[in-house]
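Residue strings, one per chain:
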Amino acid sequence: MKVQLRVWGGTPEQRKYARSMIRFAAHKLMGDRLARKCYIKVGIHKQLFIKEGVYGDCINEDTDHRPKEFLIRADGNMNMRSFLETIAHELVHVKQFAKDEMKDLGMGKTRFGKQYYDIDKIGYWDQPWEIEAHGRERGLFEMWVDSEKLNKEKWTLEKVW
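Below: a short report on this structure. Remember, it's a predicted structure, so these values are computed and weren't measured experimentally. (Residues numbered from 1 in each chain as written. Predicted model: local features only at pLDDT ≥ 70, side-chain atom pairs only at ≥ 80, totals over all residues. Heavy atoms only, no water.)

1. Here we look at the overall build of the chain
In step 1: The number of helices and strands found in the chain is 4 helices and 7 strands.
In step 2: Seen in sequence order, the chain has helices and strands lined up from the N terminus as β-α-β-α-β-β-α-β-β-β-α.
In step 3: Against the globule reference of 15 Å for 161 residues, the chain gives a C-alpha radius of gyration of 15 Å, in line with a compact fold.
In step 4: On the principal axes, the C-alpha backbone points of the chain span a range of 45 × 35 × 25 Å.
In step 5: With 161 residues in all, the chain has 47% of them scored as buried. (Helix = DSSP H or I, 4+ residues; strand = E, 2+ residues; numbered from the N terminus. Rg over C-alpha atoms; globule rule 2.2 N^0.38 Å. Buried < 20%, exposed > 50% of the residue type's maximum accessible area, 1.4 Å probe, protein only.)

Structural data, given as structure tokens:
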């Protein structure tokens with residue numbers, strides 16, 4: 001059984017590759033058992049960065065201690081490589097929430113591991129959950145490209161951003 005997912009917006013090619021990346025990365029990051037329990041929705045939006053200043057985000061839509069329902073939004077105006085690395089990045093956040101490694105406590109407070117953070121007092125690049133997500137996005141993309149035998153596709157070599 002595969003991860004449950006729904007993808008909308010964007011082009012047919014973006015939706016196809018996003019589904020493939022999600023299945024691959026979810027199982028890689030969380031293992032088959034946990035990945036099968038997750039329901040991941042992905043909205044591909046035009047001009048998300050222009051409108052909201054983000055290339056992508058991950059929203060925990062479940063109130064459970066170890067949530068299983070998530071919404072990922074990604075900007076569809078990026079090149080394909082950047083788009084898929086963004087999906088991989090957001091899937092790291094899905095893993096962090098689903099494994100209870102991270103919890104949004106509201107009012108700008110986040111727990112990551114056993115530490116508590118005020119996100120207004122720590123820069124984006126110093127947030128440990130972002131350090132992990134940025135550190136894994138490219139590797140997940142490269143492993144996915146190899147697994148799907150897409151190495152000869154020109155877009156896999158595109159400059160990111």
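Moving on, there is more to tell.
2. Observations regarding the sheet that holds strand E4 (residues 69-75)
In step 1: Spatially, E1-E2-E4-E3 is the arrangement adopted by the 4 strands of the open sheet, whose pairing is mixed. Each end of this open sheet is capped by a strand with a single partner; those strands are strand E1 (4-9) and strand E3 (56-60). Averaged over neighbouring strand pairs, the angle between their axes works out to 15° when direction is ignored.
In step 2: Looking at chain direction, strand E2 (residues 39-45) and E4 are connected through 7 bridges and run parallel. Following the sheet pairing, tyrosine 39 is matched in E4 by glutamate 69.
In step 3: Where helix H1 (residues 12-37) meets the sheet, its contacts fall on E1 and E2, and the angle it forms with E1 comes to roughly 155°.
In step 4: Those strands touched by helix H3 (residues 80-98) are E2, E3 and E4, and its axis lies near 160° from that of E4. (Pairing = 2+ DSSP bridges. Axes fitted to C-alpha atoms, helices over the stretch in contact; angles between N-to-C directions. Contact = heavy atoms within 4.5 Å.)

3. Structural notes on the pattern of salt bridges
Where charged atoms from two side chains of opposite charge come close, those side chains can pair.
In step 1: Per the counting criterion, the structure on display carries 11 salt bridges.
In step 2: Among the ionic pairs, arginine 73 bridges to glutamate 52, the shortest N-O distance being 2.7 Å. Within this pair, whereas arginine 73 is found in strand E4, its partner glutamate 52 is found in helix H2 (residues 48-52), the two being separated by 21 residues in sequence.
In step 3: By relative accessible area, glutamate 52 is classed as partly exposed at 47%.
In step 4: Connected through shared salt-bridge partners, Arg81, Glu85, Arg138 and Glu142 make up one network. (Salt bridge = Lys/Arg side-chain N within 4 Å of Asp/Glu carboxyl O.)

4. Points about the layout of surface pockets
In step 1: The computed volume of the largest pocket comes to approximately 640 Å³.
In step 2: Broken down by secondary-structure element, the contributors of at least two residues to the lining of the largest pocket are E3, H3, strand E5 (102-106), strand E6 (109-112) and helix H4 (128-147).
In step 3: Tallying contributions element by element places H3 first for the lining of the largest pocket, with 6 residues.
In step 4: Class assignment for the residues of the lining of the largest pocket results in 11 nonpolar, 10 polar and 8 charged. (1 Å grid on protein atoms, 1.4 Å probe; cavity = no way out; pocket = protein on both sides within 12 Å on 5 of 7 lines; lining within 4 Å. Points joined across faces, edges and corners; volume = space filled by probe spheres on them. Nonpolar A, V, L, I, M, F, W, Y, C, P; charged D, E, K, R; others polar.)

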